[in-house]
Amino acid sequence: MKQFRKMVYPYLLWSTVVIAVPMLLILLYAFTSGGNSVSKFMFSLHNFKRFLTDKTFLEVLYRSLRIAVETTVVCVLLGYPAAYIIAKYSEKVKMRWVLIITLPTWINMLVRTYAWTGILQEDGVINSFLGLFGIGPVTFMYTDFAVILGMVYNFLPFMIIQIYTSLTKMDYSLIEAASDLGANPRKCFTKVTLPLSMPGVISGITLVFLPSVSSFCIPRMLGGGSYVMVGTIIESQFLTASDWNFGSAISLIMAIIIMISMYITKKVDKGEKLEAINA
Amino acid sequence: MSKKKKKIGSTVFMVLMMLFLYAPIIYTIVFSFNEGKSLTNFTGFSLKWYSKMFANKTMMESLFYTIACAVLATAISTVVGTITAIGLSKSRRAVKSVVEQLNQLPIMNPEIVTAIGLLMLFSAIHIEKGFFTMLIAHIMFCIPYVILSVMPKLRTLNPNIAEAAMDLGATPWQALTKVIVPQCMPGIISGALIAFTMSFDDFVISYFVTGNGVSNISILVYTESRRVNPSINALSTLIVLIITVALILVNVIPSIASKKEAKLAVDKDI
Amino acid sequence: MKKGWLVSLAVLALSMMCLTGCGSKEKLKIYLPGEYMSDELVPNFEKQYNCKVDVELFDSNEMMYTKVMAGDSYDVLIPSDYMIERLIKEDYLQKIDVSKLSNFGSVTDALKVAPYNGFDPDNSYSVPYFWGSVGIVYNQNNVPTSEVEAKGFEIMKDTKYSGKIYMYDSERDSFMIAFKSLGYSMNTNEESEIMAAYDWLVELNTTMAPTTVTDEVIDGMAQGRKDLAIVYSGDAAYILSENEDMRYYTPECGTNVWVDAMVIPKNAKNVDLAYKFIDYVISYDAAMGNTEAVGYASVNKDVLAEVTKEGGLYDGNEAYIPRTGFAKDEVFTDNEFLRKKLSELWIKVKASN
């Protein structure tokens, strides 16, 4: 059976070239300055300084984080009830609902986002509807609202499914036991259901927050060119401004922020697990 | 709150949720048949945007590239991923952890970081950006998902069966194809499905590594959506159709296959 | 079953390779901006000259430059003035002998003199394709014409219209209106002038809540969603033809006037066919079809006369023919320093709101 081990080698080689080397290149470019050709490098922290000491760029970073947090919060607020309701249905209905929730995610994200640009315009569907009541036209496009709407729309199914998975794995007899012991429905929820479904919530948060921080196409389509996020700056450095050193440094900063977030969520997750075990 | 109220409340909530999730899709489909260019006024039923779409060379090329890339990337990454996963299951701990760490990178990293890394790689080794680079990039991020899908299945396998097969005279190749692979088929299939979706839907990575006029559907929508272009609605509807058919096939074919097998088994008994 | 998969994969791979390399007719490779040519032009040319034309589209001159620099071979390119200047400087183009072009005489005279020919003074490397200006499109019901004429580009900073303006998501064009409004040349290298323009734009961005987009402007203004926008003349011509409330104005402080022209790179493979193509494009029928479809001002003087005469397609459309002979109008020049500086500053302008 040991001869099967050799089968790993092709992939090992491949992934070193295609996965490890690009990461090394990013590190290389981030810590040097001197242009886009590998041959003319000088070590420098200039790129990091340039980003971290510039008020405008820091505001962009703050905005990306803010949008990501808002998106995540809305996803949790909408996703948890949905997951809870689905988890209470019968087996057959459950399966059907899971399919209904996940089907949209199979369709290209851009295609679905593009549809929103039509719906939200001043002469779009929503404003026409409001117009029937004499309201508006309300400006939806190119606002915070539109961007968050687009992001939530894109990520909500993932949050729902994560929480749902956690809820269905839960042992319902625990709730029965709790209520037998005298807890009212609200206490049952806050003391039993909620903590046990936390792993799902946390992995849902991970699946929503992390991509939100780095996204740039949804903000561009629904927020316009002036809706600048960290991803937008990185994109401009690589595709228009041609400053790969600066772009790599920003990517690295973003990757570090994300790694820290993941580390925190992992710790919280472990903590929750320990609590659940000890309780 | 009384139980009845709760039930009504939750039903209303779920209906609203469903409306929210499907509104854009329905809107796109409905307006792809719109006579006029308007975003709101449905002035009449017409197929003209569909004929414009089919006549649009760029759109058809993008569709072709998207499908071709997805099919090729899925096929290659499924094969390579499965082979690697099997090899991994027999490997030493050190090798396992190295590969697992490497696999984590494209999954955990924001797409844009992976994308620029690849951009710089292709530039450093002087490969011209185009379909080939897009394909390489897709294979790169699909294989880890295949491996992740197949590994759990492999762990539940009984290792002795393959050993037994070889003791009975099977070559390692036969042990592989006739024993191990069939047993982790569900994992392989779900890995392939994930790979296909990831490739078909991809935007960020493709956007950075493609060139030479090659674009996929996501890139096309991103660049063409600046103008009101109802042909995009037609294209979107076509995509929805393709995906729905694919999903139906994926769900229906296995059940037909298993029904056939069951029937055969029953017939045999009789 | 496994074999079936392999076979179909092989077929797919082969058919793809075939698609990219078949054919025995003469081939012409052209590279031009997207949505910039009538759909019938290429098929008609292919039929007339029995050849195959490979059309590649680029989003920006910079993208085109990268590919040309990398050595990709094309027969005809259609870049903008400043890019042509750069290509000439860096020796990527071959001279065009206009005596070989039977229709060159039909090219309007305005294009053969300053400011329009600044990038190619002897008209020896390029043949014009479309030309235009950059100006203000405004809704005359909401923005009085007298105000627009009095303020020029400054009207984009009039807080009365806050939230109702479109800015163009292009560093070059946005900085241009700032430079012009402040009375500077748009090709300046002076740090102080550049920073003044930067401040001008930041002030606009923070007080006017603009929507900064690219082509979305066109449908946006055609639908009357906002009151003011910075638009290219050809797009403005389309807007004006769709929405009679809209008007177009090029300010007294001067604006950017531009030419996109056809050039032949040094590494072109089929120079004869390239000449035929260029000659075809500026001919009456092709030029007419082109200007009808795309909306930008034609370079063929007979076409111009025809569409602007009484009852013509663009009769009364004040955005169609760009201003000529106005001293303060400028063409962009190739300026690497300025380009880099503006790229850097533009993302900060956008992020400043």
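This is a predicted model, so every value here is computed, not measured.

K.L.:
Talk me through the overall build of chain C; I want residue IDs and the actual numbers.
P.N.:
Counting secondary structure elements, chain C contains 13 helices and ten strands. For chain C, the spread of C-alpha atoms along the three principal axes comes to 65 × 55 × 40 Å. For chain C, buried positions account for 47% of its 353 residues. Summarising the internal contacts of chain C: among those between residues at least 6 apart in sequence, 76% fall at separations of at least 24.

K.L.:
Tell me what's going on with the overall build of chain A, and back it up with residues and numbers.
P.N.:
For chain A, the helix and strand inventory stands at twelve helices and two strands. Secondary structure of chain A in N-to-C order comes out as α-β-β-α-α-α-α-α-α-α-α-α-α-α. The C-alpha extent of chain A, read off along each of the three principal axes, is 75 × 70 × 40 Å. Pairs at least 24 apart in sequence give 70% of the contacts found in chain A among residues at least 6 apart.

K.L.:
Give a description of the packing of helix α4 (residues 91–106) of chain A against helix α7 (residues 144–169) of chain A that names residues and reports values.
P.N.:
Residues and elements named next belong to chain A. Look at α4 against α7: their axes get within 8 Å of each other, and the N-to-C directions meet at 145 degrees. For α4 against α7, the interelement crossing comes out left-handed. Here V98, I101, T102, P104 and T105 of α4 come into contact with α7, specifically with P157, I160 and I161. Partitioning the contact of α4 with α7 into residue classes produces six nonpolar, two polar and no charged.

K.L.:
Can you lay out the interface of chain C and chain A for me, pointing to particular residues and giving the numbers?
P.N.:
The interface of chain C with chain A comprises 17 residues on the first partner and 14 residues on the second. When residues of the side of chain C that touches chain A are traced back to their parent elements, those giving at least two are β7 (211–213) and α13 (336–351) of chain C. The element that contributes the greatest number of residues to the side of chain C that touches chain A is α13 of chain C, accounting for six residues. Of the residues contributing to the side of chain C that touches chain A, the split by class is four nonpolar, seven polar and six charged.

K.L.:
An account of the domain arrangement of chain C is needed here, citing residue identities and associated values.
P.N.:
Residues and elements named next belong to chain C. Looking at the assigned domains, one finds that chain C contains domain 1 (24–131 + 258–308) and domain 2 (132–256 + 325–351). Here the C-alpha centre of domain 2 lies 27 Å away from the C-alpha centre of domain 1. Ranked by residue count, the leading element in the side of domain 1 that touches domain 2 is helix α4 (residues 81–89), at five residues. Taken together, the residues of the side of domain 1 that touches domain 2 sort by class into ten nonpolar, two polar and four charged.

K.L.:
Residues and numbers for helix α6 (residues 171–181) of chain C, please.
P.N.:
Residues and elements named next belong to chain C. Most of α6 is tucked away: ten of the eleven residues are buried. Inspection of α6 places E171, D173, S174, F175, M176, I177, A178, F179, K180 and S181 among the buried residues, and these make up the whole buried set. The first or second residue beyond α6 is G183, which carries a positive phi of 90 degrees.

K.L.:
Go over the environment of E122 of chain A with me, naming the residues and quoting the values.
P.N.:
Topologically, E122 of chain A is positioned in the loop between α5 (109–120) and α6 (125–132). Distance from E122 of chain A to A87 of chain A, taken between C-alpha atoms, is 39 Å for residues 35 residues apart in sequence. If we ignore the near neighbours within four places in the chain, the residues touching E122 of chain A are N127, P137 and T139 of chain A together with R225 of chain C.

K.L.:
Requested: an account of the pairing of strand β10 (residues 257–265) of chain C, with residues and values cited.
P.N.:
Residue and element names in this part refer to chain C. In terms of burial, β10 is a largely internal element, nine of the nine residues being buried. On β10, burial covers both faces: V257, V259, A261, V263 and P265 on one face and W258, D260, M262 and I264 on the other are all buried. The pairing of strand β4 (residues 93–94) with β10 spans two bridges and is antiparallel. Across the sheet, residue Q94 finds its bridge partner in β10, namely I264.

K.L.:
Talk me through the interface of chain B and chain A; I want residue IDs and the actual numbers.
P.N.:
Contact with chain B, which involves 62 residues of that partner, is made by 62 residues of chain A. Looking at the side of chain B that touches chain A element by element, the count peaks at twelve residues for helix α1 (residues 3–32) of chain B. Within the side of chain B that touches chain A, the residues separate by chemical class into 46 nonpolar, twelve polar and four charged.

K.L.:
Break down the nonpolar core for me, citing the residues and quoting the values.
P.N.:
In this structure, I116 and F208 of chain B together with V76, V137 and I239 of chain C are the most contacted members of the largest nonpolar core, which totals 250 residues. With 16 residues, the single largest contributor to this core is α7 of chain A. In terms of domain composition, this core takes at least three residues from each of domain 1 (24–131 + 258–308) and domain 2 (132–256 + 325–351) of chain C. Once residues lying within four places of it in the same chain are set aside, the contact partners of I239 of chain C are V137, I218, M221, A222, V231 and M246 of chain C.

K.L.:
Go over unusual backbone geometry with me, naming the residues and quoting the values.
P.N.:
Residue H126 of chain B is not a glycine yet carries a positive backbone phi of 55 degrees. Along the chain, H126 of chain B falls in the loop between α5 (111–124) and α6 (131–155). In this structure, D91 of chain C takes a positive phi of about 65 degrees despite not being glycine. With respect to the secondary-structure elements, D91 of chain C resides in the loop between α4 and β4. Given 8 C-beta atoms within a 10 Å radius, D91 of chain C is considered exposed.

Conventions we followed
Residues numbered from 1 in each chain as written. Chains lettered and ligands numbered in written order. Predicted model: local features only at pLDDT ≥ 70, side-chain atom pairs only at ≥ 80, totals over all residues. Helix = DSSP H or I, 4+ residues; strand = E, 2+ residues; numbered from the N terminus. Buried ≥ 20, exposed ≤ 12 C-beta atoms within 10 Å, placed from the backbone. Contact = placed C-beta atoms within 7 Å. Axes fitted to C-alpha atoms, helices over the stretch in contact; angles between N-to-C directions. Left-handed = near helix turned anticlockwise from the far one by under 90°. Nonpolar A, V, L, I, M, F, W, Y, C, P; charged D, E, K, R; others polar. Domains from an automatic or database assignment. Pairing = 2+ DSSP bridges. Core = buried A, V, L, I, M, F, W, Y, C linked by C-beta atoms within 7 Å.

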